[in-house]
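Geometric and topological summary
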Amino acid sequence: MNPDTKNQGPLPGPHALESLIAQRAVSTVFQPIVCIENAEVSGFESLARPDKSTGVLHAGMLFDLAERDGKLWELEEVTRASAFEASGDFPNGVLLFTN
């Protein structure tokens, strides 16, 4: 469990995560990765955000739930698909990092 999220209240029950995964209720935001040498954007990191209606309040809680419930891979599939879909309009050659 992520020590940064342990004091953020109790985790929702397992049905919250199952529902989130089934509904693919995540969105993606992008953090630019900037080259320190020339201050140009060299790529983007995709960051998953849970839909607030699921009761999952933030990404840390989302991944803590997945770890607790043994569903990290299922969540990874959903978050990566969201990232690839959201980046569909990026120009060719733009680097995209997922984690």
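Here, the structure is the one placed above.
These numbers were taken from a predicted model, which means no experiment stands behind them.

Our next topic: the sheet that holds strand β3 (residues 95-97). In space, the three strands of this open sheet follow the order β1-β2-β3, with mixed pairing throughout. If you trace the sheet from one side to the other, it starts and ends with β1 (26-34) and β3, each paired once. Strand-to-strand twist in this sheet, taken as the mean axis angle between neighbours without regard to direction, amounts to 30°. As paired elements, strand β2 (residues 41-50) and β3 share three bridges and run parallel to each other. Residue pairing in the sheet places phenylalanine 44 in a bridge with leucine 96 of β3.

The calculated volume of the largest pocket comes to roughly 170 Å³. For the largest pocket, the lining is made up of 13 residues, of which Ser46, Leu47, Ala48, Phe63 and Asn99 are closest to its centre. Elements with a minimum of two residues in the lining of the largest pocket: β2, α2 (59-69) and α3 (72-86). Considering only residue class, the lining of the largest pocket consists of five nonpolar, five polar and three charged.

Scanning the model with the defined rule gives two salt bridges in all. In this structure, the salt-bridge partner of arginine 68 is aspartate 69, at a minimum N-O distance of 2.7 Å. Classification of arginine 68 as partly exposed rests on a relative accessible area of 39%. A salt bridge links glutamate 76 to arginine 80, with the shortest nitrogen-to-oxygen separation between them at 3.0 Å. Placement of the pair is glutamate 76 and arginine 80 together in helix α3, with a separation of four residues, close to one helical turn. In this structure glutamate 76 comes out as buried when scored by relative accessible area, which is 15%.

The next subject is the packing of aromatic side chains. Here the structure, examined in full by the defined rule, presents two aromatic pairs. Seen from their ring centres, phenylalanine 44 and phenylalanine 90 are 5.2 Å apart, and the 50° between their planes marks the pair as tilted. Separated by 46 residues along the polypeptide, phenylalanine 44 in strand β2 and phenylalanine 90 in the loop between α3 and β3 bring together distant segments of the chain. Judged by its relative accessible area of 26%, phenylalanine 90 is partly exposed.

What counts and how
- The residue count restarts for each chain, going from 1 along the sequence in the order it is written.
- Side-chain atom pairs in this predicted model are given and counted only at pLDDT of 80 or more, local residue features only at pLDDT of at least 70, and totals for whole chains, interfaces and linings cover all residues.
- Only hydrogens and water are set aside; all other atoms, that is, all heavy atoms of the structure, feed into the side-chain values.
- At least two bridges found by DSSP between two strands is the condition for calling them paired.
- Think of it this way: any DSSP run of H or I at least four residues long counts as a helix, any run of E at least two long counts as a strand, and we number them from the N terminus.
- Angles shown run from 0 to 180 degrees and are taken between the N-to-C directions of axes, each axis being a line fitted to C-alpha atoms and, for helices, limited to the stretch in contact.
- Whether a set of points on the 1 Å grid over the protein atoms alone is a cavity depends on a 1.4 Å probe fitting there but being unable to get out, while an open set qualifies as a pocket with protein on both sides within 12 Å along at least five of seven lines; lining residues are those with an atom within 4 Å of a point.
- Grid points are joined across faces, edges and corners, and a volume is the space filled by probe spheres set on the points.
- Residues are sorted three ways: Asp, Glu, Lys and Arg are charged, Ala, Val, Leu, Ile, Met, Phe, Trp, Tyr, Cys and Pro are nonpolar, and all the rest, Gly among them, are polar.
- A carboxyl oxygen of Asp or Glu within 4 Å of a side-chain nitrogen of Lys or Arg is what we treat as a salt bridge.
- The cut-offs for exposure are 20% and 50% of the maximum accessible area for each residue type, with area from a 1.4 Å probe on protein chains only; residues under the lower value are buried, those over the upper are exposed, and the others partly exposed.
- By convention, a stacked pair of Phe, Tyr or Trp rings (six-membered ring in the case of Trp) has centres within 6.5 Å and planes under 30 degrees apart, an edge-to-face pair has planes over 60 apart, and any other such pair is tilted.

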